[in-house]
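Each chain, written out:
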Amino acid sequence: MGSKASRTRIGFLSTVLVAAVSASCLVSPAAAGTAGQLNASQIVADMGAGWNLGNQLESTIDGTPGETAWGQPVVTQALIDKVKASGFKTIRIPVSYLRHIGSGPNYLINSSWLNRIQQVVDYAYDRGMHVLINMHGDGYKNVAGSWLICDSSSQTTIRTKYQKAWEQIARRFQNYDQRLVLESMNENFDGQFGRPTQPCYSNINSYNQIFVDTVRRAGGNNGSRWLLVPGWNTNIDYTAGNYGFSLPTDQFRSPSIPGNEKRIMISVHYYAPWDFAGEENGKITQWGRGSNNPSKKSTWGQEDYLDSQLKLMRDTFVAKGYPVVVGEYGSIDKSSFDSSNNRYRADFARAVVATSKKYGAATVYWDNGHNGQYGFGLFDRKSYAVTQQGIINAIMSGLR
């Protein structure tokens, strides 16, 4: 998700834990399978319902990532098993690197941090799930130690650092099959919520191109791996519209990929209308045609808008062979203001999933680990209890 100050409000600080595991597991997954080549429709279908491990490996203190930095417990196999048992087939793991990246010219990533990332990936991958990992918080101006800044004057240094970082990540995971998807970045933009600007958008396009070229050249299964790239701030209009987004070329991909198939996916997020999905007050608590109080329902962003947005992505990308992943969606808990709020949160989730399926897109629910007021949580990460079974049921019913 975007700025954690405006979108999570968890604010808990604790000692950073960078859990190290044996450095012997550098490139080989604990249970390496060899999945067949999956085309666009197959990969979307196989991903099924997705869930974000939010506010864990992207959480930071003073620019140093650590999975407990924002008050969450250490990620465990038991948590991932509970998520899978609840019906989810894909887990997106947001990851920040920041001050775990050393100085130039090599920009080495702290090996203990890479080991821990791999261990958490394996919790899901070894259970047969699809896993998405990205570079999440390195491009936020309001995060200490951020550096992937599209309107910085230091673009030469940024591009070199970015290339070196992704080279290390891709090599670490080179033997993982197509169930591991790499995502270039998250919600990268200039920090101003308005129309995209140049040359900032051109720099974002350059980062995506560096990402694709670097991963493809990193060996192993990276030559045919599905790669996920966003446009401006993962905004649907600014990605599908005529605002400057350019699809990266894929000239270094494996010759084993059929010539008429792609291996690039497009990442967008969906939190519309924001006054329902993310605005932290009790004004707008209902959504959709089932709303029974017009004063509690937004004047825009209902089912017709959702349909038009996903149709736009279908027409612009899916129809041309590029799968779309709604890598984040959801709405915050406002049940303290309106006891019926969770019903509308479930309606929203069901509609996003069902409409995405209709237009050939995969979906990954945003869970920030926080339950209660303004939280997105579906699970208690300490007890592993399900906290929002109604929303989970709605997600699963949206896929039927």
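Residues numbered from 1 in each chain as written. Predicted model: local features only at pLDDT ≥ 70, side-chain atom pairs only at ≥ 80, totals over all residues. Heavy atoms only, no water.

As recorded in an unreviewed UniProt entry, the chain goes by Endoglucanase and comes from Lentzea flaviverrucosa. The UniProt entry for the chain carries the following text under Sequence similarities (unreviewed entry): "Belongs to the glycosyl hydrolase 5 (cellulase A) family." (UniProt positions renumbered as here; feature names shortened; annotations may be inferred.)

Chemist: Got a sec to walk through the pairing of strand β5 (residues 130-133)? Specific residues and values, please.
Modeler: Side-chain alternation along β5 places H130 and L132 on one buried face and V131 and I133 on a second face that is also buried. Looking at chain direction, strand β4 (residues 90-93) and β5 are connected through 4 bridges and run parallel. Bridged to T90 within β5 is H130. Tracing the backbone out of β4, into helix α4 (residues 111-125) and back to the parallel element β5 gives a crossover that is right-handed. In this sheet, strand β6 (residues 180-183) lies alongside β5 in parallel orientation, the contact comprising 3 bridges. By the bridge assignment, L132 is partnered in β6 with V181. (Buried < 20%, exposed > 50% of the residue type's maximum accessible area, 1.4 Å probe, protein only. Helix = DSSP H or I, 4+ residues; strand = E, 2+ residues; numbered from the N terminus. Pairing = 2+ DSSP bridges. Right-handed = clockwise from strand over helix to strand, strands pointing away.)

Chemist: Which residues make up the pattern of salt bridges, and what values do they have?
Modeler: Enumeration over the complete set of coordinates arrives at 16 salt bridges. The residue E67 makes a salt bridge to R116 at a minimum N-O spacing of 2.6 Å. Here E67 is found in the loop between β3 (64-65) and α3 (77-85), whereas its partner R116 is found in helix α4, with 49 residues between them in sequence. Overall, R116 belongs to the buried group, its relative accessible area being 1%. Here R92 ties to E183 by a salt bridge, and the two come within 3.0 Å at their closest N and O atoms. Taken together, the residues R92 in strand β4 and E183 in strand β6 connect sequence positions 91 residues apart. Each member of the pair, R92 as well as E183, carries the same accessibility label: buried. Connected through shared salt-bridge partners, R92, E183 and E328 make up one network. (Salt bridge = Lys/Arg side-chain N within 4 Å of Asp/Glu carboxyl O.)

Chemist: Lay out the UniProt feature "domain: Glycoside hydrolase family" (unreviewed entry) in the chain with the relevant residues and their values.
Modeler: This chain's UniProt record puts "domain: Glycoside hydrolase family" (unreviewed entry) on residues 65-371. Helix makes up 33% of residues 65-371 and strand makes up 11%, while its end C-alpha atoms are separated by 22 Å.

Chemist: Now, about the packing of helix α10 (residues 341-358) against helix α11 (residues 389-398): what can you tell me, with residues and values included?
Modeler: Orientation of α10 relative to α11, taken along the N-to-C sense of each, is 20°, at an axis distance of 7 Å. With respect to α11, the axis of α10 lies roughly parallel. Judged by the sense of rotation from one axis to the other, the crossing of α10 with α11 is right-handed. In this structure, α10 contributes N342, R345, A346, A349, R350, V353, A354 and K357 to the contact, and α11 contributes G390, I391, A394, I395, S397 and G398. Of the residues contributing to the contact of α10 with α11, the split by class is 7 nonpolar, 4 polar and 3 charged. (Axes fitted to C-alpha atoms, helices over the stretch in contact; angles between N-to-C directions. Parallel < 35°, antiparallel > 145°, perpendicular 65-115°, else oblique. Left-handed = near helix turned anticlockwise from the far one by under 90°. Contact = heavy atoms within 4.5 Å. Nonpolar A, V, L, I, M, F, W, Y, C, P; charged D, E, K, R; others polar.)

Chemist: Could you give an account of the nonpolar core, naming the residues involved and the relevant values?
Modeler: One finds W51, F88, I93, V121, Y162 and I395 to be the most contacted residues of the largest nonpolar core, which totals 98 residues. Those residues in contact with I395, other than ones at most four positions away along the chain, are A49, F88, Y329, A349, V353, Y365 and L378. Ranked by size, the runner-up nonpolar core spans 12 residues in total, among them V44, W226, V325 and V364. (Core = buried A, V, L, I, M, F, W, Y, C linked by side-chain atoms within 4.5 Å.)

Chemist: Which residues make up the packing of aromatic side chains, and what values do they have?
Modeler: In the structure shown here, the tally under the stated rule is 19 aromatic pairs. Pairing F173 with Y176 gives two aromatic rings, centres 5.1 Å apart and planes at 70°, and the pair type is edge-to-face. This pair shows no difference in class: F173 is buried, exactly as Y176 is. A cation over an aromatic ring shows up here: R217 above the ring of F252, its NZ or CZ 3.8 Å from the ring centre. (Phe/Tyr/Trp six-rings, centres within 6.5 Å; stacked < 30°, edge-to-face > 60°. Lys NZ or Arg CZ within 6 Å of the ring centre and 35° of its normal.)

Chemist: Outline the packing of helix α9 (residues 303-316) against α10, listing residues and values.
Modeler: The contact between α9 and α10 brings their axes to 9 Å, and the two run at 35°. As for the relative orientation of α9 and α10, their crossing is right-handed in sense. Between α9, through L306, D307 and L310, and α10, the contact on the second element is made entirely by A351, V352, T355, S356 and K358. Looking at the contact of α9 with α10, its residues break down into 4 nonpolar, 2 polar and 2 charged.

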